[in-house]
Amino acid sequence: MGSQKSEFSIREEELAKVLEISVEELDKIVAFFDADPSDEWELKEGYHFIYLNRALNERAFSQQGAYAIAKYMDQKQPKNLLERIREFITRHKERIRNAFISKKIQENCTSLTVKNNRHFLSRKDVISILCTSPARLDKAFGEIQRTHTPMKIYEDFEDIDGVRYYSFSGFYRLAQHLAQTLTVKDRRSWCQAIEIVGRKTFKLILDDLESREKRIAAAMNAARKRDHNTCQITGAKRTKGSRVNIVVHHIYSREHYPHLAASVDNLITLSEEIHQNFHTWNGGFKKPCTPDHLIQFVIQFYPDNYDVIMKLNRVKTILDPQI
């Protein structure tokens, strides 16, 4: 949303509620403002309010618009509405800030990992969420380590594969420290709100991940049944006398196309050996893969298997519009 539109974030229903009037009464007050262009009362479109739906007279108000209406109502029937509006706008701004914090967390949690029964975030994601710089974060960490209650390794932070990670407890300690030491008021209030918003947001994220894992597991079981637990490239199948192990492969790689991870159409059963061979040929399990990669692999090593090539082309037709 552009900066201009973001100034008009107070919905009619919210403003009417805090003024203790109905939306219909609010409409009458706005109509009064427009009735006499020569009086002192004026509401300007684009400054005091904007139309969300002009045909229905649905508006969103700016802080200035809310104050103008409260001032008018206070003059006509004193109720100390200006103070009430000030309190409402303070809470309203906090809600908007908290929504931005939640959005920031959701956009910067790809590194979320579990170790020692604790959830950890990478230093890079922590810096992004706290809206700080690497140098300022490292300074905060150093200052905390010089206190009587320093962060504990493996509990509050840990280096994983040469990269610094912070657990939720370490992340909140950093946010609290920055909230106390930063000089800019808006930055302090952002960090002060991190823990409350973070706990709610991370719970939503973790609940969604758990639900997503269950959906992926269900899809993989469905793919096994659909493919009769048979390698779709070689036809190999685990039997009483066979040691073949059948695995489920994500045609569009799970890590790079997470929105397709629970789609049965995106799954195919392969023998463990073929699965390993494909990923080795493709550059490793961390490399992205698509139907085209698997088609190329089949053409190169199993050129007579027209059926699986047709299946993979069908997957492209079904899933490509979702990419």
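Shown above is the structure to which this text applies.
Rules behind the numbers
Along every chain, residues carry numbers that run from 1 in the direction the sequence is written. Whole-chain, interface and lining totals are the exception, using all residues; otherwise, since this is a predicted model, local features are given only for residues with pLDDT of at least 70 and side-chain atom pairs are given and counted only at 80 or more. Computation of side-chain values covers all heavy atoms of the structure but excludes hydrogens and water. Should DSSP find at least two bridges between two strands, the strands are taken to pair. Under the scheme used here, helices are H or I runs from DSSP no shorter than 4 residues and strands are E runs no shorter than 2 residues, and both carry numbers assigned from the N terminus. Disulfides are defined as pairs of cysteine sulfur atoms found within 2.5 Å of each other. Fitting a line to C-alpha atoms yields each axis, with helices limited to the stretch in contact; the angle taken between N-to-C directions then spans 0 to 180 degrees. Here, nonpolar core refers to any group of buried Ala, Val, Leu, Ile, Met, Phe, Trp, Tyr and Cys residues whose side-chain atoms link them within 4.5 Å. The buried label goes to any residue with under 20% of its type's maximum accessible area, the exposed label to any with over 50%, and the partly exposed label to all in between, with areas taken from a 1.4 Å probe on protein chains only. The contact criterion used throughout is that any non-hydrogen atoms of two residues lie within 4.5 Å.

A look at the pairing of strand β2 (residues 49-53)
Alright, step 1. In the sheet, β2 pairs with strand β3 (residues 58-61) via 4 bridges, with the strands oriented antiparallel. Residue pairing across strands places I50 opposite A60, the latter belonging to β3.
Alright, step 2. Between the end of β2 and the start of β3, which pair antiparallel, lie 4 residues, with N57 showing a positive phi angle near 55°.

Notes on the state of the cysteines
Alright, step 1. For the structure shown, the criterion picks out 0 disulfides.
Alright, step 2. The cysteine C231 is free of any disulfide, with C289 supplying the nearest cysteine sulfur at 15 Å.

Considering the sheet that holds strand β1 (residues 10-11)
Alright, step 1. The sheet built from 3 strands is open, its strands ordered β1-β3-β2 with antiparallel pairing. Looking at strand neighbours, the two that pair on one side only are β1 and β2, the edges of this open sheet.

Focus on the sheet that holds strand β5 (residues 118-122)
Alright, step 1. With antiparallel pairing, 4 strands are arranged side by side in an open sheet as β4-β5-β7-β6. Looking at strand neighbours, the two that pair on one side only are β4 (113-115) and β6 (157-160), the edges of this open sheet. Adjacent strand axes in the sheet meet at a mean angle of 45° when their direction is disregarded.

Things to note about the nonpolar core
Alright, step 1. If you look at the biggest cluster of nonpolar residues, it comprises 31 residues, and the most contacted ones within it are L130, L174, I194 and F202.
Alright, step 2. Of all the secondary-structure elements, those providing two or more residues to this core are α5 (81-107), α6 (123-130), α7 (134-145), α8 (168-181) and α9 (185-226).
Alright, step 3. Leave out the neighbours within four places in its chain, and F202 touches I105, C109, L121, F168, F171 and Y172.
Alright, step 4. In this structure, L15, L19, I21 and I89 belong to the second largest nonpolar core, which totals 24 residues.

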